[in-house]
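Here are the chains, one letter per residue:
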Amino acid sequence: MAFRSFRTRLRAFQEVRGDPPDPGFIADLENLENRDLDLSVRLGAMLAFNALLVTIGTHPVSASPGAPLSLDAATQPVLTLASFVALLPLAVSSWFILKAMLLGEEAENDELTGEALRVHLFAAFMRSIDAQARLLTLAIRATLAGAALTMVVWGVILAGKMG
């Protein structure tokens with residue numbers, strides 16, 4: 001898809017806005033902006049949480065020898081690989097989040113005017129919000145899977161050291 005300047009969307013918005021802007025239009029726009037902001041905060045928090053989980057998930061490989069969760073890659077290759085496999089869902093989750101954060105409200109102004117243009121702009125905004133919400137849901141599921149796998153690997157490591 002070719003790069004489209006934001007000017008096109010701004011001009012469409014200015015045409016829809018009119019002079020003075022309709023109070024209902026402002027209320028609808030504020031509602032969408034609040035939902036978009038809420039999703040942005042959630043996506044940022046999930047990305048930070050995933051970074052924390054990745055750091056925690058690499059602990060068995062990076063821990064000092066003799067630490068309860070430490071692994072020796074040469075003598076414990078299966079557990080070392082399992083530890084890294086448990087990180088894959090977290091990487092996938094982060095990819096979903098980054099994809100969601102980069103989504104924009106793409107709206108083409110195909111010579112629409114008035115109410116048709118207003119509906120078209122709102123539809124583009126809502127499509128973007130729906131896509132972000134869907135990607136956030138997938139990211140949360142992948143994060144939970146990665147955290148669960150990490151806990152299973154940790155349990156196996158500890159069981160091996162205790163037994």
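1. Considerations on the overall build of the chain
Here comes step 1: Within the chain, the regular secondary structure consists of six helices and zero strands.
Here comes step 2: When burial is assessed residue by residue, the chain has 32% of its 163 residues classed as buried.
Here comes step 3: Accessible surface, the chain as shown: approximately 10000 Å² in total, 66% of it carbon and sulfur.

2. Concerning helix 4 (residues 77–85)
Here comes step 1: Taken together, the buried positions of helix 4 are Leu79, Thr80 and Ser83. Taken around the axis of helix 4, the buried residues stretch over an arc of 105 degrees, which confines them to a single face. Along helix 4, the residues that are exposed and aim more than 90 degrees away from the buried face are Val78 and Leu81.
Here comes step 2: The inward-facing, buried residues of helix 4 abut helix 2 (23–57), helix 3 (59–62) and helix 6 (114–162).

3. Overview of the packing of helix 2 against helix 6
Here comes step 1: Their axes nearest at 10 Å, the elements helix 2 and helix 6 cross at an angle of 20 degrees. The orientation of helix 2 with respect to helix 6, classified from their angle, is roughly parallel. In terms of crossing hand, the pair formed by helix 2 and helix 6 is left-handed.
Here comes step 2: Residues that form the contact of helix 2 with helix 6 fall into these classes: 19 nonpolar, five polar and six charged.

4. So, helix 5 (residues 88–101)
Here comes step 1: Over its 14 residues, helix 5 extends 20 Å from the first C-alpha to the last, a length consistent with the 20 Å expected when each residue adds 1.5 Å.
Here comes step 2: For helix 5, every residue scored as buried is listed here: Pro89, Leu90, Ser93, Ser94, Phe96, Ile97 and Ala100. Viewed along the axis of helix 5, the buried residues span an arc of 155 degrees, placing them on a single side of the element.
Here comes step 3: Those residues of helix 5 that are buried lie in contact with helix 2, helix 4 and helix 6.

5. A word on the environment of Phe122
Here comes step 1: Inspection of the secondary structure assignment puts Phe122 in helix 6.
Here comes step 2: In this structure, the C-alpha to C-alpha distance between Phe122 and Asp28, residues 94 residues apart in sequence, is 8.6 Å.

6. So, a nonpolar patch on the surface
Here comes step 1: Residues Phe49, Leu52 and Ile56 make up a contiguous nonpolar surface patch of roughly 250 Å² in combined accessible area.
Here comes step 2: Classification of Ile56 as partly exposed rests on a relative accessible area of 32%.

7. Considering the pattern of salt bridges
Here comes step 1: Overall, the coordinates contain two salt bridges when judged by the stated rule.
Here comes step 2: As a salt-bridge pair, Asp38 and Arg35 come within 3.1 Å of each other at their nearest N and O atoms. Residue Asp38 and its partner Arg35 are located together in helix 2, separated by three residues, close to a single helical turn.
Here comes step 3: The class of Asp38 is partly exposed, set by a relative accessible area of 29%.
Here comes step 4: For Arg35, a relative accessible area of 34% puts it in the partly exposed group.
Here comes step 5: A salt bridge links Arg42 to Asp38; the nearest nitrogen and oxygen atoms lie 3.3 Å apart. Placement of both Arg42 and Asp38 in helix 2 is noted, with a separation of four residues, approximately one turn of the helix.
Here comes step 6: Judged by relative accessible area, which is 45%, Arg42 ranks as partly exposed.
Here comes step 7: Through salt bridges with shared partners, one network takes in Arg35, Asp38 and Arg42.

8. Quick word on the environment of Gly104
Here comes step 1: Within the secondary structure, Gly104 is located in the loop between helix 5 and helix 6.
Here comes step 2: Using a relative accessible area of 29% as the deciding quantity, one classes Gly104 as partly exposed.
Here comes step 3: In the structure, Gly104 is positioned 27 residues away from Ala131 in sequence and 9.9 Å away in space, judged by C-alpha atoms.

Cut-offs applied
- Residues numbered from 1 in each chain as written.
- Predicted model: local features only at pLDDT ≥ 70, side-chain atom pairs only at ≥ 80, totals over all residues.
- Heavy atoms only, no water.
- Helix = DSSP H or I, 4+ residues; strand = E, 2+ residues; numbered from the N terminus.
- Buried < 20%, exposed > 50% of the residue type's maximum accessible area, 1.4 Å probe, protein only.
- Areas by Shrake-Rupley, 256 points an atom, 1.4 Å probe, with all protein chains shown as cover.
- Arc of directions from axis to C-beta.
- Contact = heavy atoms within 4.5 Å.
- Axes fitted to C-alpha atoms, helices over the stretch in contact; angles between N-to-C directions.
- Parallel < 35°, antiparallel > 145°, perpendicular 65-115°, else oblique.
- Left-handed = near helix turned anticlockwise from the far one by under 90°.
- Nonpolar A, V, L, I, M, F, W, Y, C, P; charged D, E, K, R; others polar.
- Expected span 1.5 Å × (residues − 1).
- Patch = residues over 30% accessible without salt bridge, like charges linked within 9 Å, V, L, I, M, F, W, Y side chains within 5 Å.
- Salt bridge = Lys/Arg side-chain N within 4 Å of Asp/Glu carboxyl O.

The values are spatial; any link to function lies outside them.
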